[in-house]
Amino acid sequence: MFARRKAPAPSPLRQQAGARVAQRLDTNPAVTRAEVPAIQIYYQLDFLDAAQCATLIAMIDANRRPSSLLSDRADPGFRTSESCDMNRYAPEVQPIDEAIAALLGLPADHGETLQGQRYAAGQQFRAHHDYFHETESYWEQMQTSGGQRTWTTMIYLNDVAEGGATWFPQAGFKIAPRQGLLLAWNNMNADGTPNTATLHEGTAVVEGTKYIVTKWFRERSWLKRSN
């Protein structure tokens, strides 16, 4: 007989992060909560201006590499974009990095490195979760570097002629790229367990090139501290 997989346990720490961020965003007049019952998901128009977006696009183009995939089941066609890890202390990046943390009200050191992503025509990121699956071999390592991912923030850096939408198939939500638009969602349920309805996909770009930056937040500090 096969052993039954143990269900993730509720987490007060993740529960608090979800409630705290939601309360902060719900009271921010610049932020709108999307009408998606299955997920806590918010958006803000024009979070970045055109000049900031152009600067980040240039950085992505100069430093891009094939995107990696954190999974025990490698599939070269699953994520076909290119990525760029940005120096959080670079003068062009630090104000944006800190503004994202301030928007959510989460400690800046809980945030991973801001990651830029470039999708040319035909490139995609198939349906996936941003939270870590505790049954995967990488989970032990993730526990030593801040633990579970709680909130995701994504900023679109340009409009796309056709395609490239972010699609949450289980939640019934799809949003097209729009320059400067920030999208934020809680990867956890209200009790702090992973929310499977956050399954989402970066659909294939049909015409043009899509640029975004993504920042994930952990339940504990992600930055390594010196003794």
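Just so it is clear, the structure is predicted and the values come from calculations on it, not from any experiment.

Rules behind the numbers
- Residues numbered from 1 in each chain as written.
- Predicted model: local features only at pLDDT ≥ 70, side-chain atom pairs only at ≥ 80, totals over all residues.
- Heavy atoms only, no water.
- Pairing = 2+ DSSP bridges.
- Helix = DSSP H or I, 4+ residues; strand = E, 2+ residues; numbered from the N terminus.
- Axes fitted to C-alpha atoms, helices over the stretch in contact; angles between N-to-C directions.
- Phe/Tyr/Trp six-rings, centres within 6.5 Å; stacked < 30°, edge-to-face > 60°.
- Buried < 20%, exposed > 50% of the residue type's maximum accessible area, 1.4 Å probe, protein only.
- Lys NZ or Arg CZ within 6 Å of the ring centre and 35° of its normal.
- Contact = heavy atoms within 4.5 Å.
- Parallel < 35°, antiparallel > 145°, perpendicular 65-115°, else oblique.

Draft legend 1. The arrangement of the sheet that holds strand S9 (residues 166-168) in detail. Here four strands make up an open sheet; going across it, the order is S6-S12-S9-S10 and the pairing antiparallel. The two strands at the open ends of the sheet, each matched to only one other strand, are strand S6 (125-128) and strand S10 (173-175). Between one strand and the next, the sheet's axes are offset by a mean angle of 10°, whatever the strand orientation. Relative to S10, S9 is paired through three bridges, and the arrangement is antiparallel. Along S10, the bridge assignment pairs tryptophan 167 with lysine 174.

Draft legend 2. Structural view of the packing of aromatic side chains. Taken as a whole and judged by the stated rule, the model has four aromatic pairs. When the centroid spacing of 5.8 Å and the interplanar angle of 70° are considered together, the rings of phenylalanine 132 and tyrosine 138 count as edge-to-face. Where phenylalanine 168 meets tryptophan 185, the ring centres are 5.1 Å apart and the plane angle is 85°; that geometry is what we call edge-to-face. Within this pair, whereas phenylalanine 168 is found in strand S9, its partner tryptophan 185 is found in strand S11 (residues 182-186), the two being separated by 17 residues in sequence. A relative accessible area of 0% means that phenylalanine 168 is categorised as buried. Owing to a relative accessible area of 0%, tryptophan 185 belongs among the buried residues under this scheme. By the ring-pair criterion, three or more aromatic residues cluster together here, those being Phe168, Phe173 and Trp185. We note lysine 174 situated over the ring of tryptophan 167; from NZ or CZ to the ring centre the distance is 5.2 Å. Of note, lysine 210 hangs over the ring of tyrosine 119, and the distance from its end group to the ring centre comes to 4.8 Å.

Draft legend 3. View of the pairing of strand S14 (residues 210-218). Counted residue by residue, S14 has nine buried out of nine residues, so it is predominantly covered. Neither face of S14 is left uncovered, since the one carrying Lys210, Ile212, Thr214, Trp216 and Arg218 and the one carrying Tyr211, Val213, Lys215 and Phe217 both have all their residues buried. Strand direction decides the pairing type here: strand S5 (residues 115-119) and S14, joined by five bridges, are antiparallel. Of the residues in S14, the one forming a bridge with glycine 116 is valine 213. Inspection of the sheet shows strand S7 (residues 149-156) paired to S14 by six bridges, in the antiparallel sense. When the sheet's bridge partners are listed, tyrosine 156 is paired in S14 with isoleucine 212.

Draft legend 4. Layout of the environment of glutamate 134. Secondary-structure assignment places glutamate 134 in the loop between S6 and helix H4 (139-143). For glutamate 134, a relative accessible area of 34% translates into the label partly exposed. Sequence-wise, glutamate 134 and tyrosine 42 are 92 residues apart; in three dimensions their C-alpha atoms are separated by 26 Å. The residues contacting glutamate 134, other than those within four sequence positions of it, are Pro8, Arg14, Trp139 and Gln148.

Draft legend 5. Representation of the pairing of S11 in the model. In terms of burial, S11 is largely enclosed, as five of its five residues are buried. Burial along S11 is two-sided: Leu182, Ala184 and Asn186 facing one way and Leu183 and Trp185 facing the other are all buried. Here five bridges tie S7 to S11, and the two strands are oriented antiparallel to one another. Each bridged residue has a counterpart across the sheet, and for methionine 154 the counterpart in S11 is leucine 183.

Draft legend 6. Quick look at the environment of lysine 224. Relative to the assigned elements, lysine 224 resides in the segment after S14. Between the alpha carbons of lysine 224 and isoleucine 175 there is a distance of 35 Å; along the sequence they are 49 residues apart.

Draft legend 7. Quick look at the packing of helix H1 (residues 12-26) against helix H3 (residues 94-104). At their nearest, the axes of H1 and H3 sit 8 Å apart, and the two run at 95° to each other. Classified by the angle between their axes, H1 and H3 sit roughly perpendicular to one another. Counting all contacts with H1, which are made through Val21, Arg24 and Leu25, the residues of H3 involved are Ala102, Leu103 and Leu104.

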